[in-house]
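The lines below spell out each chain.
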Amino acid sequence: MKLSTVIEMKGISKSFPGIKANDNINLSVEKGEIHVLLGENGAGKSTLMNILYGLYQPDEGQIYVKEKAIRISNPNIAITLGIGMVHQHFMLVQPFTVAENIVLGSEPKKGTSLDLDKAVKDVEELSKKYELKVDPNSLISDISVGMQQRVEILKTLYRGADILILDEPTAVLTPQEIEELGIILKSLVNQGKTIILITHKLKEVMAMSDRVTIIRRGKVIDTLHTKDTNIDELAEKMVGRKVNLQVEKSDKQAASPVLEVKGLKALDTRGLEAVKGVDFEVRGGEILGIAGVDGNGQTQLLQALTGLQKPTAGEVLLNGKEITALPPRDVIESGVGHIPEDRHKRGLVLNFSLAENAILGSHRNKNFRGRFGMNYPKIREHARRLIHDFDVRTPNENVEARSLSGGNQQKMIIAREVDRDPGLCIAAQPTRGLDVGAIEFVHKRLVELRDSGKAVLLVSLELDEIMSLSDRIAVMYDGKIVAIVDAKDATEKKLGILMAGGSLQDEK
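Rules and cut-offs
- Residues numbered from 1 in each chain as written.
- Predicted model: local features only at pLDDT ≥ 70, side-chain atom pairs only at ≥ 80, totals over all residues.
- Heavy atoms only, no water.
- Pairing = 2+ DSSP bridges.
- Helix = DSSP H or I, 4+ residues; strand = E, 2+ residues; numbered from the N terminus.
- Contact = heavy atoms within 4.5 Å.
- Axes fitted to C-alpha atoms, helices over the stretch in contact; angles between N-to-C directions.
- Salt bridge = Lys/Arg side-chain N within 4 Å of Asp/Glu carboxyl O.
- Buried < 20%, exposed > 50% of the residue type's maximum accessible area, 1.4 Å probe, protein only.
- Phe/Tyr/Trp six-rings, centres within 6.5 Å; stacked < 30°, edge-to-face > 60°.
- Lys NZ or Arg CZ within 6 Å of the ring centre and 35° of its normal.
- 1 Å grid on protein atoms, 1.4 Å probe; cavity = no way out; pocket = protein on both sides within 12 Å on 5 of 7 lines; lining within 4 Å.
- Points joined across faces, edges and corners; volume = space filled by probe spheres on them.
- Nonpolar A, V, L, I, M, F, W, Y, C, P; charged D, E, K, R; others polar.

(A) Inspection of the sheet that holds strand β16 (residues 313–318) at higher detail. Pairing within the open sheet is antiparallel, and its four strands lie in the order β14-β13-β16-β17. The strands lining the two open edges of the sheet, one partner per strand, are β14 (273–283) and β17 (321–322). In this sheet, β14 lies alongside strand β13 (residues 257–267) in antiparallel orientation, the contact comprising eight bridges. The residue of β14 that forms the bridge with Leu259 is Val282. Most of the contacts of helix α9 (residues 298–306) go to β13, to which it runs at about 120 degrees, and overall it touches β13, β14 and β16.

(B) How the structure looks around the pattern of salt bridges. Counted by the stated rule, this structure contains 31 salt bridges. As a salt-bridge pair, Arg393 and Asp391 come within 3.1 Å of each other at their nearest N and O atoms. Assessed through its relative accessible area of 21%, Arg393 is described here as partly exposed. The exposure class assigned to Asp391 is partly exposed, which follows from its relative accessible area of 36%. The partner of Arg402 in a salt bridge is Glu400, with the nearest N and O atoms 3.8 Å apart. Exposure remark for Arg402: the relative accessible area of 45% places this residue in the partly exposed category. Exposure remark for Glu400: the relative accessible area of 37% places this residue in the partly exposed category. Connected via shared salt-bridge partners are Glu40, Asp391, Arg393 and Lys411.

(C) Representation of the packing of aromatic side chains. According to the stated counting rule, one finds two aromatic pairs in the structure shown. Judged by centre distance (5.3 Å) and plane angle (65 degrees), the ring pair of Phe16 and Tyr56 falls under edge-to-face. Taken together, the positions of Phe16 in strand β1 (residues 5–16) and Tyr56 in the loop between α1 (45–52) and β4 (60–65) put the pair 40 residues apart, joining distant regions of the chain. What makes Phe16 partly exposed here is its relative accessible area of 29%. Owing to a relative accessible area of 30%, Tyr56 belongs among the partly exposed residues under this scheme. Pairing Phe390 with Phe441 gives two aromatic rings, centres 5.3 Å apart and planes at 80 degrees, and the pair type is edge-to-face. Within this pair, whereas Phe390 is found in the loop between α13 (376–389) and α14 (406–419), its partner Phe441 is found in helix α15 (residues 436–451), the two being separated by 51 residues in sequence. Taking the ring centre of Tyr64 as reference, the NZ or CZ of Lys10 above it sits at 5.2 Å.

(D) Structural detail: the sheet that holds strand β23 (residues 472–477). What the six strands build is an open sheet, ordered β18-β21-β22-β15-β23-β24; its pairing is mixed. For this open sheet the edge positions go to β18 (336–339) and β24 (480–486), each flanked by a neighbour on one side alone. Each neighbouring strand pair of the sheet contributes to a mean axis angle of 15 degrees, computed without reference to strand direction. Bridge count between strand β21 (residues 424–428) and strand β22 (residues 455–459): five bridges; the pairing is parallel. Counterpart to Ile426 in the pairing with β22 is Leu457. Packing against the sheet, α9 makes contact with β15 (286–291), β18, β21, β22 and β23, and its axis sits at approximately 150 degrees to β21. Against the sheet, α15 touches β15, β21 and β22, its axis set at about 130 degrees to β15.

(E) Region of the structure containing the layout of surface pockets. A volume near 1900 Å³ is recorded for the largest pocket. When residues of the lining of the largest pocket are traced back to their parent elements, those giving at least two are α5 (145–158), β14, α9 and α11 (343–347). Broken down by element, the residue count for the lining of the largest pocket peaks at six residues, all from α9. Taken together, the residues of the lining of the largest pocket sort by class into 13 nonpolar, 21 polar and 15 charged. Volume-wise, the second largest pocket comes out at about 1500 Å³. Surrounding the second largest pocket, 48 residues form its lining, Lys203, Ile439, Glu462, Asp464 and Glu465 being those nearest its centre. Of all the elements in the fold, those that place two or more residues in the lining of the second largest pocket are α6 (175–190), α7 (202–208), α15, α16 (463–469) and α17 (492–499). When the residues that make up the lining of the second largest pocket are grouped by side-chain class, the tally is 22 nonpolar, 12 polar and 14 charged.

(F) The arrangement of the pairing of strand β9 (residues 163–167) in detail. Burial analysis of β9 places five of its five residues in the buried class, the great majority of the element. On β9, burial covers both faces: Ile163, Ile165 and Asp167 on one face and Leu164 and Leu166 on the other are all buried. In this structure, strand β6 (residues 83–86) lies alongside β9, joined through four bridges in parallel fashion. Within β9, the residue paired with Val86 across the bridge is Leu166. In this sheet, strand β10 (residues 194–199) lies alongside β9 in parallel orientation, the contact comprising five bridges. The residue bridging Ile163 from the neighbouring strand is Thr194, located in β10.

(G) Fine view of the environment of Thr312. If you trace the backbone, Thr312 turns up in the loop between α9 and β16. Residue classification places Thr312 among the partly exposed residues on the basis of a relative accessible area of 46%. For the pair Thr312 and Leu267, spaced 45 residues apart in sequence, the C-alpha separation works out to 7.4 Å. The contacts of Thr312, once residues within four sequence positions are left out, are Lys265, Ala266 and Leu267.

No statement about biological role is implied by the geometric values presented.
Right under this line is the structure:
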């Protein structure tokens, strides 16, 4: 079947105060393809798609939908044109059911009330048609992140979308859910849909896409057929230099334990035991990785270690001194750096400036205080140094943290925590939402901490990251550490079996 152009964006430019997000961009998307927009954090990918969806208006340029010049002044117009968008942060109402969320705004009615039976029936038919299995009666708050994403996709299909934009759809998914998403997207294309995928994950580009357009600092660098390129070429075009995709670290003899965890237990938000008597240690000069499928107690373990919740049993020792149940401020001042898994809830105050966020946890430091309050010239100078050293893409240090892309927000958190030179760095999902250039940078910084004799506790859902960075790997399943293996002896198969609740005997 001959492809035809369904979306064409010509000469699109868009500026915000202090930054040109899109600079004379041309983009052409063909019917029935998966077209990836690839670029660094803050490259302008999401801005371009927000223009296509009507959330922003371009300063210059023209959009053509199915060869007709169109002004998309708001998302309602985009929807009538058959364009749907699944945002990076889901737009779902947690107390509502799956069916209620999918029909919200376009509800079937019985008189003046919602016809819930018809809504459930419509959702069942839609999920069957597109092979997106969901339970219409489940509450959003009770289903997994991967299932919530299916609901978001079904929302766009319910409104008649033929062109689906997915913004960083794999940022919060497990490896298994990412694989399932790839199958779903190819199934949608086989049923006549067109997909535009925003990502910076090169493996997913190669596995899922037909063509890829690379954007760097607001400009289109190239558009390539995926079958004609490779990961190394994409990485170089994306960041403008050769990128080392392998973690380089020397063999190092670990020192005495910095962190000791003994018999630790902790509850989840429902009052159920989520951490069930965990024992491990992290030594100076090593990275201990914790691998596991999301939801096996990692979150509660980290909260108990960092003072965000009190454990119900056990003890935590830092350099031999007990810090069990200390409040977060005391944990930080004991020499613990914490890169939290949720940057919005735990890592930043979004309405504060970058300069203010750069000293969170250190704001009592005498260097940042004057005679009558905060020493803002010193604070701004400190922030400018971190922005420069960690390549945080921002107009200046005075902008609100919420104005940065997710990846640049993450880089600011990592800059703040690493700059403190902590004796123990707890890094939870440190590269979530980062592009390959930034991942390379973060990995290098964590290895530098390890090489300087510090202890690093790494918790990540990215198995590749765990295997390449760690010296030892602890596998967590159902609230317990089921095995600790030397990274040199670890394989994906071995770790996968342990993560699924099996034993090393099952590998044979």
